[in-house]
There are 2 protein chains.
Amino acid sequence: MGVALALAERGRGRTAPNPNVGCVIVREGRVVGRGWTQTGGRPHAEAMALAEAGANARGAIAYVTLEPCAHRSPRGPACSDLLSEAGVARVVAALEDPDARTAGEGFARLEAAGIAVTRGIRTAEARRSMAGFLTRQALGRPHVTLKLATSLDGCIAMADGSSRWITGSQARAHAHLERSRHEAILVGRGTYEADAPRLDVRLPGLEERGPMRVLLSSTVQDVPGWTVIATPQDITALPRVDHILVEGGEAVASAFLAADLVDRLLLYRAPILIGGGKTALGDIGLTDLTAAHRRWAIVDARQLGMDRREVYERERNEG
Amino acid sequence: MGVALALAERGRGRTAPNPNVGCVIVREGRVVGRGWTQTGGRPHAEAMALAEAGANARGAIAYVTLEPCAHRSPRGPACSDLLSEAGVARVVAALEDPDARTAGEGFARLEAAGIAVTRGIRTAEARRSMAGFLTRQALGRPHVTLKLATSLDGCIAMADGSSRWITGSQARAHAHLERSRHEAILVGRGTYEADAPRLDVRLPGLEERGPMRVLLSSTVQDVPGWTVIATPQDITALPRVDHILVEGGEAVASAFLAADLVDRLLLYRAPILIGGGKTALGDIGLTDLTAAHRRWAIVDARQLGMDRREVYERERNEG
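Enquirer: Where do I start with the overall build of chain A in this structure?
Expert: Counting its secondary structure elements, chain A contains 10 helices and 15 strands. Computed over its C-alpha atoms, the radius of gyration of chain A comes to 21 Å, within 12% of the 20 Å expected for a compact globule of 319 residues. Dimensions of chain A along its principal axes, counting C-alpha atoms only, are 65 × 45 × 40 Å. Burial status across chain A gives 53% buried among its 319 residues. Summing over all exposed atoms, chain A offers an accessible surface of approximately 13,400 Å²; the carbon and sulfur share of this is 50%. When the 40 positive and 37 negative side-chain charges of chain A are each reduced to one mean point, those points stand 4 Å apart.

Enquirer: Help me understand the packing of helix H3 (residues 79-86) of chain A against helix H4 (residues 105-112) of chain A, please; the structure alone is not making it clear to me.
Expert: Geometrically, a packed helix pair is captured by the angle between its two axes and the distance between the axes. Residue and element names in this part refer to chain A. Where H3 meets H4, the closest approach of the two axes is 9 Å, and the angle between their N-to-C directions is 20°. Of the possible angle classes, the one that applies to H3 and H4 is roughly parallel. Judged by the twist between their axes, the crossing of H3 over H4 is right-handed. Where H3 abuts H4, its residues Ser80, Asp81 and Leu83 lie against Gly106, Arg109 and Leu110. Among the residues making up the contact of H3 with H4, the classes are represented as 2 nonpolar, 2 polar and 2 charged.

Enquirer: Is there a simple way to explain the pairing of strand S14 (residues 296-304) of chain B in this structure?
Expert: A regular strand places its side chains on the two faces of the sheet in alternate fashion. Residue and element names in this part refer to chain B. Bridging between S14 and strand S15 (residues 307-314) involves 8 bridges; their strand directions are antiparallel. Its bridge partner being in S15, Ile298 is matched across the sheet by Tyr312. Here S14 hands over to S15 after 2 residues, with Gly305 in that stretch at a positive phi of 65°.

Enquirer: Can you help me understand the interface of chain A and chain B in this one?
Expert: Think of interface size as the accessible area that goes away when the parts come together; that is how it is often given. Each side of the interface is counted separately: chain A has 34 residues, and chain B has 34 residues. Carbon and sulfur atoms make up 66% of the area that chain A and chain B hide from each other, which totals about 3,000 Å². Summed over the three residues of chain A that lose the most area to chain B, namely Met158, Leu273 and Leu289 of chain A, the buried surface amounts to 22% of that side. At the junction of chain A and chain B, the tally comes to 2 salt bridges. Across the contact surface, chain A and chain B share 10 residue pairs in polar contact (both at pLDDT 80 or more). Elements represented by at least two residues in the side of chain A that touches chain B include exactly strand S12 (264-269), helix H10 (289-292) and strand S15 (307-314) of chain A.

Enquirer: Would you take a moment to explain the sheet that holds strand S11 (residues 243-248) of chain B for this structure?
Expert: Paired through backbone hydrogen bonds, the strands of a sheet run either parallel or antiparallel to each other. Residues and elements named next belong to chain B. The sheet built from 8 strands is open, its strands ordered S10-S9-S8-S11-S6-S12-S15-S14 with mixed pairing. At either margin of the open sheet sits one strand with a lone partner, and together these are strand S10 (227-229) and S14. Between one strand axis and the next, the sheet turns by 25° as a mean value, whatever way the strands run. Both strand S8 (residues 184-188) and S11 contribute to a ladder of 4 bridges, which runs parallel.

Enquirer: Explanation requested: the pairing of strand S4 (residues 90-93) of chain A in the structure shown.
Expert: All names here are of chain A. Across 4 bridges, the pairing between strand S3 (residues 61-64) and S4 is parallel. Within S4, the residue paired with Ala62 across the bridge is Val91. Between the parallel elements S4 and strand S5 (residues 116-118), the chain passes through H4 in a crossover that is right-handed.

Enquirer: Looking at this structure, how should I read the sheet that holds strand S1 (residues 22-27) of chain B?
Expert: Residue and element names in this part refer to chain B. Strand order in the open sheet formed by 5 strands is S2-S1-S3-S4-S5, with mixed pairing between adjacent strands. Unpaired on one side and paired on the other, strand S2 (30-36) and strand S5 (116-118) mark the two borders of the sheet. Mean inter-strand twist for the sheet, computed between neighbouring axes without regard to direction, equals 15°.

About the thresholds
Residues numbered from 1 in each chain as written. Chains lettered and ligands numbered in written order. Predicted model: local features only at pLDDT ≥ 70, side-chain atom pairs only at ≥ 80, totals over all residues. Heavy atoms only, no water. Helix = DSSP H or I, 4+ residues; strand = E, 2+ residues; numbered from the N terminus. Rg over C-alpha atoms; globule rule 2.2 N^0.38 Å. Buried < 20%, exposed > 50% of the residue type's maximum accessible area, 1.4 Å probe, protein only. Areas by Shrake-Rupley, 256 points an atom, 1.4 Å probe, with all protein chains shown as cover. Lys, Arg positive; Asp, Glu negative; His and termini not counted. Charge placed at Lys NZ, Arg CZ, Asp CG, Glu CD. Axes fitted to C-alpha atoms, helices over the stretch in contact; angles between N-to-C directions. Parallel < 35°, antiparallel > 145°, perpendicular 65-115°, else oblique. Left-handed = near helix turned anticlockwise from the far one by under 90°. Contact = heavy atoms within 4.5 Å. Nonpolar A, V, L, I, M, F, W, Y, C, P; charged D, E, K, R; others polar. Pairing = 2+ DSSP bridges. Buried area = accessible area lost by both parts, 1.4 Å probe. Salt bridge = Lys/Arg side-chain N within 4 Å of Asp/Glu carboxyl O. Polar contact = N/O pair within 3.5 Å; in protein donor to acceptor, adjacent residues only side chain to side chain. Right-handed = clockwise from strand over helix to strand, strands pointing away.

Right under this line is the structure:
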């Protein structure tokens, strides 16, 4: 399942509206097929892995990060049917598919065909891996990551606006990798005017993975090459966007937090003090310190050169 | 030496103007004496350890965090003489004493008495352990720690001033332990007016270790129970203070940083977002982002409940 989860990451940010699934087919302890959802959502991971496995799929175990789909469509047959036609002996899945067209029906169809099904393996990691698809299914909007790059004292720039550079080259390269994992990147007017030409993915081999560029502004309208929306809630209607990266500045970050539309905080923190600089956030509607607690849980932390990267997720189970 | 360093910590914040030294005497692989500089600076660590060892000191090894002193004073004999009189075979020391009355003379006297001397063992830890004494010797002022307790977005309070609580109970208990390791604690007028009764050490067994309370204010003069100074530089003249903890607020923290009088940053960081709150720092005189880099090196980090504690030290070797 670890390999299937790693394969699933390859499609992240490119498969909307389909989930980025990973699949590994193992026969007699040997990997005979590997697959991941392709750009645009097809072929599915299982179809790709089965194609690679060929006759070796017979009697094998298929590890898949999401319940195989049960819906036949003009774009391809149902994966649960493909797996039973290929003669796999067992399917191990991390998560049930919340999509109403599958939602248990994929597992049922496999079991009806005499295939053993094991569910719930490494569920938490699979949820994180397919956060975009799952957020779209549950909340009807993309999964939102807010990126902040700050000094130790929480500044995102000096008072005069200078912000090159707060973090070092490793942290900045990592931030570009994060861009490649999102279908869209969103900024406000200030950041657009200061940084528009730079909002791409500048990593060797990933140049083509530049996300859709979205500008949040209630005053600007048509900007060539950009999608303009007037409120944070308008992200709901962005086509083929299941992951959106909010990059700044302060007003945009605060508006998304005030609307409780941030699922994941991505912090890059440099070991410097600025003092009296531009702050990361303005008013986010907090009225009481008690209410600030238990909203964010740290899920990852690592050192990138001199800087520290931390990832927090919004706790949504407290209510 | 690790045990000697641990013993040295017992005196930290209570031995000024003497260094907080630790000493362990080992004979045939067994600890026969342990000592640390006592409150007020006497007896010295070596005298205490030798008293415990008694006749067992003959032929033993003495591990000591600082070069044994060479100066006889009305308050006690020189430790280098005590060690040779006791007949120790070897002295292992972490650091040479920068005090002009010793400065190599302690080692010379031991060697002249036929005692083997090993120097430079765990020097960096010993420097950190005796930072107060060493800063006083090198710079003529106390070692300054600036404490900041912030949210992820760098706020020390909400816009209305509320700051109870940003960090959790474990971080707050740890901050009280830090107070007990400093001879003085310094705040500005705003913090004094909001928190004066609370600026003590509230840990079982350490209640008596409340530090001298210092108020930085150019307008206030006499405050019973407090020492009032007008500028950060006035810390130089505080009697018997080798470690000072600067606790806030923003103006005081910024004044110390602007004067480059902070040696150690003690950060407690809670996993919360406040947004538009009171910032940790105002202007600290930074004119260029490049100059902000390479000033602070992280030396310790740990989790305290939900919060993270980080310690940074000022890099003073770049110039």
